[in-house]
Amino acid sequence: MLRRDFLRNLVITTGGLVVAPSILSACGTSATSTGELVIGTPTSPTKLPTNGEAIADGLAEEKGTLEILNWADYTNPEVIADFEKLFGVTVKTSIYDTEEAAVAKLRNGTLKPDLIIGMTDTALARLVAADLLQPLNKSYIPHFSNLIDGLQSPYYDVDSQYTVAHVIYANGIAYRTDRIDSSVFTSGNGYDAMWDSAHKGKLAVLDSYRDTISLAMFQAGNNDVNTIDADILSAAQENLIRLRDSTNPKVDILSYQELPAGNRDIAFTWSGDILTALGYLPEGVSPEVLGFWYPEQTITANDFLCVPKESKVPVLAHKFIDYLLDTDVALKNQTYVGYQPALSTITVDTLLSSGTIPESLKDSLVTPEKYDSGQRLVSLSPDADALWLDVWAAFTAG
Amino acid sequence: MKRSPRIWPALAAPGATWLLALFGIPFYAVACVAFGTIDPIFRDAIPQWNPLAWDFGQANEVLQSAISGPLQGVFLRTIVYVIAAMIISFAVGFPVAYFLARHAGKHKLLLLTLVIVPFWVNYLMRMLAWVNLLSPSGLFSRFMGIFGIHYNWLDGSPITVIFGLVYGYVPFLILPMYATLERLDWRLVEAARDLGATSRQAFRLVTVPMAQAGMAAAAILIALPMFGDYYTNDLLSRSPRTEMLGNQIDFYINNSQQPQRGAVLVMMLSALLLVALSWYLRSTARYAKERVK
């Protein structure tokens, strides 16, 4: 699965902030956006402004074609085929690589999907500001109650007006158990393993500046992953350069392939990737060779499903959302996608007993408690974002 | 009837129009992005079409970074990689072109086709194939292991990136070199040999000077895309240790919220290439002048 560049290009906030672009831009060009940006944070949840009305209750689902905009390989084809059979419709999928490009294409009308899968809260603010989404009618989504409690009314979209949570994941360290003893993570600061020159050339970090700079912060004991403090960022930069010099890391999002192939020993990655990695193990190699250290201090996140305002089959799109929230369907989807459904009905025990996830990867699973205790990356102001990007540029420039 | 002298400039019109439409206007657009602003919400580039209102803030920052900041290493590394790849490409490609032009006889075309055929396969596919071959369990790595060479080619090694560039671009050197060498007046070489020059002297003093313009063209032809290349590095390395200019442009344009910086880097790269191109133009002009003499 080509994993996404999550949480990469963020916008603005320090807490439930509303930013009027006319004040911010002051650049005098007519092409600037005209909406306003509303972004929630865990400490300041946000009820998004209502743009238009949700579809009426009790409508029959449309026939024809449901066009989905999705990440590559992010929904099990069998799950889609079952839906087609169930409703007698056709599902067509378009792929996006980055949220930014997708939002741009949605804005200019290049993409006109009926349903979007996998976007994150950082894109949500822009989708709402551009008036691209329709409020959801939950009467079509009876399985909504399957969602874990914390995500039934998430901070970025209080009351889930526009979005329904899809999968959850956490940042952590994936490794080969046949090459690295798990005790390195428990005998001291587990993050130090990423700085160990013994893994030179066989180590990777995420090609996602917010995530990887946060790694350097966590290693140094700093948990403020949304900082705008130049000194803290400067220290993180030095720390990352130290990592670079001692381990010559790969900077990509391919560890879900490279670890099972044996080309890497250790990688800082998203927890869902290690579950995806199971599908890439060469024949005859035991799943036990894959391990995952779930740090006590780390980032947790989720993505969601949403329906564009211009959806041609909005009822069908609602039905698809509900379908994905069905426990059996979500389990079937998980076996293909790897990422963990954001459902309270699918617990760690459910996943382990399903036989698709080995006991050795139990740690990679995100419980609602773990999810709640994780740090969240929230959007930054353009100036703060520029500081983060400068750190990233210094790191990646080698 | 004598033709109007206006016909000659008129013949350049299609080319000039083409250049204006597909180079001049896009390049101006890049400049407008580089010196423009971004949308405060959507973070898209907002080109500033009026040159009088251009903002050079981002350009200054990038320039400072290139002179004494993180981008300095990227520029130097890119230049070193491209020069190294060019030298190796000549070492590999020139003898092939020379053989084809002089000694391939009636099989000339067949051999030339055989050299080129593998390169009909998509560049990305060829590089991905190398990723498999070079991985520690790959065929190439295992083959080298027979000779006691155990090297992790994919650990972010500059050697792998340089060889990747050579592999990717060497056919574009062989073709113009072949075309040049094939048209040389080899009687001059024979004359040099008759006059007592050794084969090495004849090559150095006659063949190389005659092929100089073709060599410069071939060098430019492969250097231009190499300077902007980013996918070779993406596929074979992905290490900050081998980051090239193309990778930084890719990052700023596609994955950051500072597309102006990417546009500035595009302009700086263009300026760098302009220097290389002017060297080529000067050297070919000089060569033409010497031939007239």
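Residues numbered from 1 in each chain as written. Chains lettered and ligands numbered in written order. Predicted model: local features only at pLDDT ≥ 70, side-chain atom pairs only at ≥ 80, totals over all residues. Heavy atoms only, no water.

Draft legend 1. Spatial organisation of a nonpolar patch on the surface. Residue and element names in this part refer to chain B. On the surface, Phe143, Ile146, Phe147, Ile149, Tyr151, Ile159 and Phe163 cluster together into a nonpolar patch covering about 720 Å² of accessible area. Residue assignment for the nonpolar patch shows that the elements contributing at least two residues are α7 (139-146) and α8 (158-182). Here Phe147 is to be found in the loop between α7 and α8. A relative accessible area of 55% means that Phe147 is categorised as exposed. (Patch = residues over 30% accessible without salt bridge, like charges linked within 9 Å, V, L, I, M, F, W, Y side chains within 5 Å. Areas by Shrake-Rupley, 256 points an atom, 1.4 Å probe, with all protein chains shown as cover. Salt bridge = Lys/Arg side-chain N within 4 Å of Asp/Glu carboxyl O. Helix = DSSP H or I, 4+ residues; strand = E, 2+ residues; numbered from the N terminus. Buried < 20%, exposed > 50% of the residue type's maximum accessible area, 1.4 Å probe, protein only.)

Draft legend 2. How the structure looks around the domain arrangement of chain B. All names here are of chain B. One can read the domain layout of chain B as domain 1 (1-55) and domain 2 (62-292). Distance from the C-alpha centre of domain 1 to the C-alpha centre of domain 2: 29 Å. The interface is formed by 12 residues belonging to domain 1 together with eight residues belonging to domain 2. Taken together, both faces of the contact between domain 1 and domain 2 bury some 810 Å²; the carbon and sulfur share is 75%. Three residues, Phe27, Ala34 and Arg43, lead the burial of domain 1 against domain 2; their summed loss comes to 48% of the area buried on that side. On inspection of domain 1 and its partner domain 2, the count reaches zero salt bridges. Summed over the shared surface of domain 1 and domain 2, the number is zero residue pairs in polar contact (both at pLDDT 80 or more). Counting residues per element, the ones that place at least two in the side of domain 1 that touches domain 2 are α2 (13-34) and β1 (37-38). The greatest single-element share of the side of domain 1 that touches domain 2, amounting to five residues, is contributed by α2. Split into classes, the residues belonging to the side of domain 1 that touches domain 2 amount to eight nonpolar, two polar and two charged. (Domains from an automatic or database assignment. Contact = heavy atoms within 4.5 Å. Buried area = accessible area lost by both parts, 1.4 Å probe. Polar contact = N/O pair within 3.5 Å; in protein donor to acceptor, adjacent residues only side chain to side chain. Nonpolar A, V, L, I, M, F, W, Y, C, P; charged D, E, K, R; others polar.)

Draft legend 3. Broad picture of the pairing of strand β3 (residues 65-70) of chain A. Residues and elements named next belong to chain A. Taken together, the six bridges between β3 and strand β4 (residues 90-95) define a ladder with parallel strand orientation. Looking across to β4, one finds that Leu66 is bridged to Val91. The sheet contact formed by β3 and strand β5 (residues 115-119) spans two bridges and is parallel. Each bridged residue has a counterpart across the sheet, and for Leu69 the counterpart in β5 is Ile116. (Pairing = 2+ DSSP bridges.)

Draft legend 4. Broad picture of the packing of aromatic side chains. Enumeration according to the criterion identifies 36 aromatic pairs over all chains in this entry. Summarising the aromatic geometry, the rings of Tyr155(A) and Tyr156(A) are spaced 5.4 Å apart at their centres and angled 85 degrees between planes, so their arrangement reads as edge-to-face. Taken as a pair, Tyr155(A) and Tyr156(A) share a single burial class, namely buried. Both rings, one in Phe185(A) and one in Trp293(A), keep their centres 5.5 Å apart while their planes meet at 15 degrees; by these two values the pair is stacked. Within this pair, whereas Phe185(A) is found in helix α5 (residues 183-186), its partner Trp293(A) is found in strand β10 (residues 290-293), the two being separated by 108 residues in sequence. The exposure classification of Phe185(A) matches that of Trp293(A), with both residues buried. Chaining the aromatic ring pairs together yields one cluster made of Phe119(B), Trp130(B), Phe140(B), Tyr151(B), Trp153(B) and Tyr167(B). The ring of Trp388(A) is capped by Arg210(A), whose NZ or CZ atom sits 4.6 Å from the centre of that ring. (Phe/Tyr/Trp six-rings, centres within 6.5 Å; stacked < 30°, edge-to-face > 60°. Lys NZ or Arg CZ within 6 Å of the ring centre and 35° of its normal.)

Draft legend 5. Structural context of the domain arrangement of chain A. All names here are of chain A. Per the domain assignment, the segments of chain A are domain 1 (17-167 + 301-373) and domain 2 (169-299 + 382-396). With 17 residues of domain 1 at the interface, the matching set in domain 2 holds 17 residues. When domain 1 packs against domain 2, the two sides together hide about 1,600 Å² of surface, and 62% of this comes from carbon and sulfur. Contact with domain 2 buries area across many residues of domain 1, yet Ala301, Tyr339 and Leu361 alone supply 35% of it, more than any other trio. Across the domain 1-domain 2 interface, the total number found is zero salt bridges.

Draft legend 6. Region of interest: unusual backbone geometry. Residue and element names in this part refer to chain A. One non-glycine residue, Asp73, lies in positive phi territory at about 55 degrees. For Asp73, the position within the fold is in the loop between β3 and α2 (77-87). Positive phi outside glycine occurs at Asn248, with the angle close to 45 degrees. Among the secondary structure elements, Asn248 is positioned in the loop between α7 (230-247) and β8 (250-252).

Draft legend 7. Representation of the pattern of salt bridges within the structure. The tally for this structure, following the rule as stated, stands at 18 salt bridges over all chains. Between Lys319(A) and Glu61(A) there is a salt bridge, and its shortest N-O distance comes to 3.9 Å. Of this pair, Lys319(A) sits in helix α10 (residues 314-325) while Glu61(A) sits in the loop between β2 (37-39) and β3, placing them 258 residues apart in sequence. Asp44(B) serves as the salt-bridge partner of Arg107(A), at 2.5 Å between the closest nitrogen and oxygen. A residue pair is termed interchain when its members come from two chains, as with Arg107(A) in helix α3 (residues 99-107) and Asp44(B) in the loop between β1 and β2 (45-46). Exposure remark for Asp44(B): the relative accessible area of 27% places this residue in the partly exposed category.

Draft legend 8. Expanded view of α7(B). Residue and element names in this part refer to chain B. Inspection of α7 places Ser141, Met144 and Gly145 among the buried residues, and these make up the whole buried set. An end-on view of α7 places all buried positions within 110 degrees of arc, on one side of the element. Those residues of α7 that are exposed and aimed more than 90 degrees away from the buried face are Leu139, Arg142 and Ile146. As for α7, its buried residues are in contact with α6 (123-134). Remark: Gly148 follows α7 within two positions and exhibits a positive phi of approximately 80 degrees. (Arc of directions from axis to C-beta.)

Draft legend 9. Spatial organisation of the confidence of the model for chain A. Taken as a whole, chain A shows an average pLDDT of 88; of its residues, 91% reach a score of 70 or greater. Counting interchain partners and residues more than four positions distant, the pLDDT-below-50 stretch residues 1-34 of chain A has 136 contacts. (pLDDT = per-residue confidence, 0-100.)

Draft legend 10. Representation of the packing of α7(A) against helix α14 (residues 382-396) of chain A within the structure. Residues and elements named next belong to chain A. Two elements in contact, α7 and α14, have axes whose closest approach is 9 Å; the angle formed by their N-to-C orientations is 20 degrees. Here α7 lies roughly parallel to α14, going by the angle between them. Note on packing geometry: the crossing formed by α7 with α14 is right-handed. Counted together, Leu233, Gln237, Leu240, Ile241 and Arg244 of α7 and Leu387, Trp388, Asp390, Val391, Ala394 and Phe395 of α14 form the full contact between these two elements. Each residue belonging to the contact of α7 with α14 can be placed in one class, and the counts come to eight nonpolar, one polar and two charged. (Axes fitted to C-alpha atoms, helices over the stretch in contact; angles between N-to-C directions. Parallel < 35°, antiparallel > 145°, perpendicular 65-115°, else oblique. Left-handed = near helix turned anticlockwise from the far one by under 90°.)

Draft legend 11. Layout of the interface of chain B and chain A. Between chain B and chain A, the contact holds 33 residues from the first and 47 residues from the second. Where chain B abuts chain A, roughly 3,200 Å² becomes buried across the two surfaces, and 51% of that area is made up of carbon and sulfur atoms. On the chain B side of the interface with chain A, the three residues burying the most area are Ile41(B), Phe42(B) and Arg238(B), jointly 21% of the side's total. Where chain B packs against chain A, one counts four salt bridges. Here Asp245(A) and Arg241(B) are joined by a salt bridge, their closest N and O atoms 2.6 Å apart. Across the contact surface, chain B and chain A share 13 residue pairs in polar contact (both at pLDDT 80 or more).

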